[in-house]
Amino acid sequence: MPNIGPAELIVILLVALVVFGPRKLPELGKSLGAGLREFRKSTQSLKDELDGSLNDKGPQAAPTQTIHASVPAQAVSAPPVSAAAVTPPAEGVAAPVELGKMPEQQKEPVQS
């Protein structure tokens, strides 16, 4: 695109004066100037943000850690179950309370 010289600029201003009129031309110039200023401001902030993010090092990944087990795995055995844990309580002995429940909410009422 060729450069606009002084003669072309005068022709453009005369055409704008004829099309928009002498009253609207200053308002048009103000709004055009404000739009260009806002555009430059936003592109400059975007450029600064991009340059800042490129200069800053991003979060680095944690180094990978490997654990080598040298002891062979052993089987885990369950503790023996006693007969007292399986048999129900005798008459006259209070029943155990279930965790998280009040005695009124038990399945069987407690006899005293």
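Small disclaimer: the values here were computed from a predicted structure and weren't measured.

A. Looking closely at the overall build of the chain. In terms of helices and strands, the chain carries two helices and zero strands. Taking all 112 residues of the chain together, 4% fall into the buried category. Carbon and sulfur atoms make up 63% of the accessible area of the chain, which amounts to about 11400 Å² in all.

B. Structural context of a nonpolar patch on the surface. A cluster of nonpolar side chains, V11, V15, V19, F20 and L28, forms an exposed patch at the surface whose accessible area comes to about 440 Å². Among the secondary structure elements, V15 is positioned in helix 1 (residues 6-55). Taking the relative accessible area as the measure of exposure, V15 reaches 48% and is therefore partly exposed.

C. Representation of helix 1 in the model. For helix 1, spanning 50 residues, the distance from its first C-alpha to its last is only 43 Å, which falls clearly below the expected 74 Å at 1.5 Å a residue. G21 marks the point of greatest bend in helix 1, at about 105 degrees, and the proline P22 comes within the next four residues.

Calculation criteria
- Residues numbered from 1 in each chain as written.
- Predicted model: local features only at pLDDT ≥ 70, side-chain atom pairs only at ≥ 80, totals over all residues.
- Heavy atoms only, no water.
- Helix = DSSP H or I, 4+ residues; strand = E, 2+ residues; numbered from the N terminus.
- Buried < 20%, exposed > 50% of the residue type's maximum accessible area, 1.4 Å probe, protein only.
- Areas by Shrake-Rupley, 256 points an atom, 1.4 Å probe, with all protein chains shown as cover.
- Patch = residues over 30% accessible without salt bridge, like charges linked within 9 Å, V, L, I, M, F, W, Y side chains within 5 Å.
- Salt bridge = Lys/Arg side-chain N within 4 Å of Asp/Glu carboxyl O.
- Expected span 1.5 Å × (residues − 1).
- Bend = angle between axes of the 7 residues up to and from the residue.

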